[in-house]
Amino acid sequence: MAPRLEEFEVRPNESITSNENTTTTTTRQRNAAAAPLIRREEAAKKEPQEIDLPIVWRNVAVFTMLHLGALYGVYLCFYAKWQTLLFAYVLYFCGGLGITAGAHRLWAHRTYKAKMPLRILLAIFQTLAVQNSIFEWSRDHRVHHKHSETNADPHNAKRGFFFSHMGWLLMKKHPEVIEKGARIPLDDLNADPVVAFQKKYYRLLAILICFVMPTVVPWLCWSEDLTIAYFVPGVLRYIFLLHITWLVNSVAHMWGNRPYDKTINPAENLFVSLGAIGEGFHNYHHTFPMDYAASEFGAKYFNPSRAFIDFMCFIGQAYDRRTVSREMIMQRRMRTGDLAGHSHNHDSNEEREYDY
Ligand SMILES: [Zn+2]
Ligand SMILES: [Zn+2]
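Owing to the predicted nature of the structure, the values given are computational and were not obtained by experimental measurement.

Asks: Looking at this model, I keep getting lost on the overall build of the protein. Mind explaining?
Replies: Helix and strand content of the protein: 16 helices and two strands. Scored against the burial criterion, the 356 residues of the protein give a buried share of 45%.

Below, the structure is given as structure tokens:
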């Protein structure tokens, strides 16, 4: 589904100190925020014209079948045992954590550190979600942050709602995504044995964990019908979580408030956060991607992913959570935030340097 990119340069993590409660900005971040933004005309010149990307018909066929299966799964929900429905919800939640606390906050952004048992657990959860391997997911996400809303962004929201939601998975990648993706440093991912193992056996693991296990467990443990077990906790749960995750790339890049940086499209969207277990505070996240909470607010708003990481710290499986100081947030809000609280979709072509 995605081209392999094997050679990458190394760039040290320089964004912030690894300390639970203290945070420092780096020169690079300050420069990135304060540097004069390139004029739209200049940026447009640098950006190649939008090109028609070839459709990957194999992916269209697979997603069509899966969506039809999910619809059948909705119908079968009326005949499923309550244990099966509960099991489907638990799998959805675990798969969600595999993406938010795992692929996103641990591996793509390195916002905290995790010991081996937790890394294995999160890798299993991430496989449950089948959104490409941790390696590919993290690489694409780093490109998304570094080249947000340009042709090099794998799910560039400027190409429209459908493209940023799921269309990007039905087409070949834009050449800019491949070219600029090849320059993203990934040595940390290559050095992680859990990531390497999952990458090596990804197809087999994905079939076993995402489809076989959710079908067999209800059948064995509470004698659920095999068809119901396959289509409800298997296919329907999988497709549902996919759409929830995609909402972060589509809806949260279009609608919501921009209190931290009004010059970017990502927005605060509580509706998305509710489904995506705490990943909808997207204006904050794109402004401060190094924060493990991916939100300014702790328990104030729904953020189970943060609670999960906190709990893992409590039992000694996670450590070195990175946060952003209150002063830094306030300074940034005063400088770039939409202090009126509301802002609509921003159509800027200005090029910025993002950290990730
Ligand atoms: Zn984003
Ligand atoms: Zn991110």
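Asks: What's the story with helix α4 (residues 82–108) in this structure? I'm lost.
Replies: Three- or four-residue spacings in an α-helix give side chains the same orientation, since the helix completes a turn every 3.6 residues. The terminal C-alpha atoms of α4 lie 36 Å apart, and with 27 residues this matches the ideal 39 Å at 1.5 Å per residue to within 8%. Most pronounced at G102, the bend in α4 amounts to some 25°. When you tally the buried positions in α4, you get 19 out of 27 residues, the bulk of the element. Positioned one or two residues after α4, R110 has a phi angle of 50°, which is positive.

Asks: Help me out: how do you make sense of the confidence of the model for the protein in this one?
Replies: Caution is warranted with low-pLDDT regions, since their predicted coordinates should not be read in detail. When the pLDDT values of the protein are averaged, the result is 84; 80% of them are 70 or greater. Contacts for the low-pLDDT stretch residues 1–46, under 50 throughout, to residues beyond four places or in other chains number 68 contacts. The low-confidence segment residues 342–356 (pLDDT under 50) makes 41 contacts with residues lying over four places distant or belonging to another chain.

Asks: Please clarify how the nonpolar core should be interpreted in this entry.
Replies: In globular proteins that are soluble, nonpolar side chains generally tend to be buried together. Counting residues in each nonpolar core, the largest one holds 69 residues, and the members touching the most others are W107, L122, I134, V232, L247 and I309. Those elements giving two or more residues to this core turn out to be α4, α5 (116–129), α6 (134–146), α10 (193–200), α11 (202–222), α12 (226–249) and α15 (304–314). With 13 residues, the top contributor of residues to this core is α12. Residues within four places of L122 in sequence aside, it is in contact with G98, A101, G102, L106 and A114.

Asks: Please explain the packing of α4 against α5 as it appears in this structure.
Replies: Helix-helix packing: each pair is described by the crossing angle between the helix axes and the interaxial distance. Running from N to C, α4 and α5 cross one another at 115°; their axes reach a closest spacing of 7 Å. In terms of axis orientation, α4 runs roughly perpendicular to α5. Regarding α4 and α5, the two cross each other, and that crossing is left-handed. Residues L91, C94, G95, L97, G98, I99, A101, G102, A103 and L106 of α4 form the contact with α5, whose participating residues are L122, A123, F125, Q126, L128 and A129.

Asks: Help me out: how do you make sense of unusual backbone geometry in this one?
Replies: Backbone geometry follows two general trends: most residues other than glycine have a negative phi, and most peptide bonds adopt the trans configuration. Residues other than glycine seldom take positive phi values, yet N132 does so here, at roughly 75°. Among the structural elements, N132 can be located in the loop between α5 and α6.

Asks: Can you walk me through the packing of α11 against α12 in this structure?
Replies: For the pair α11 and α12, the least separation of the axes is 8 Å and the interaxial angle reads 140°. Judged by the inter-axis angle, α11 sits oblique to α12. In this structure, α11 crosses over α12, and the sense of that crossing is right-handed. For the pair α11 and α12, contact is made by C210, F211, P214, T215, P218 and W219 and by L226, A229, Y230, P233, G234, R237 and Y238, respectively.

Asks: Would you explain the environment of I329 in this entry?
Replies: In this structure, I329 sits in helix α16 (residues 326–336). I329 sits 42 residues away from T287 along the chain, and the two C-alpha atoms are 9.3 Å apart.

Asks: How do you make sense of the environment of S138 when you look at a structure like this?
Replies: Looking at where S138 falls in the secondary structure, it is placed in helix α6. Along the sequence, S138 and A108 sit 30 residues apart, while their C-alpha atoms lie 4.3 Å from each other. Leave out the neighbours within four places in its chain, and S138 touches A103, W107, A108 and L189.

How each quantity is defined
Residues numbered from 1 in each chain as written. Chains lettered and ligands numbered in written order. Predicted model: local features only at pLDDT ≥ 70, side-chain atom pairs only at ≥ 80, totals over all residues. Helix = DSSP H or I, 4+ residues; strand = E, 2+ residues; numbered from the N terminus. Buried ≥ 20, exposed ≤ 12 C-beta atoms within 10 Å, placed from the backbone. Expected span 1.5 Å × (residues − 1). Bend = angle between axes of the 7 residues up to and from the residue. pLDDT = per-residue confidence, 0-100. Contact = placed C-beta atoms within 7 Å. Core = buried A, V, L, I, M, F, W, Y, C linked by C-beta atoms within 7 Å. Axes fitted to C-alpha atoms, helices over the stretch in contact; angles between N-to-C directions. Parallel < 35°, antiparallel > 145°, perpendicular 65-115°, else oblique. Left-handed = near helix turned anticlockwise from the far one by under 90°.

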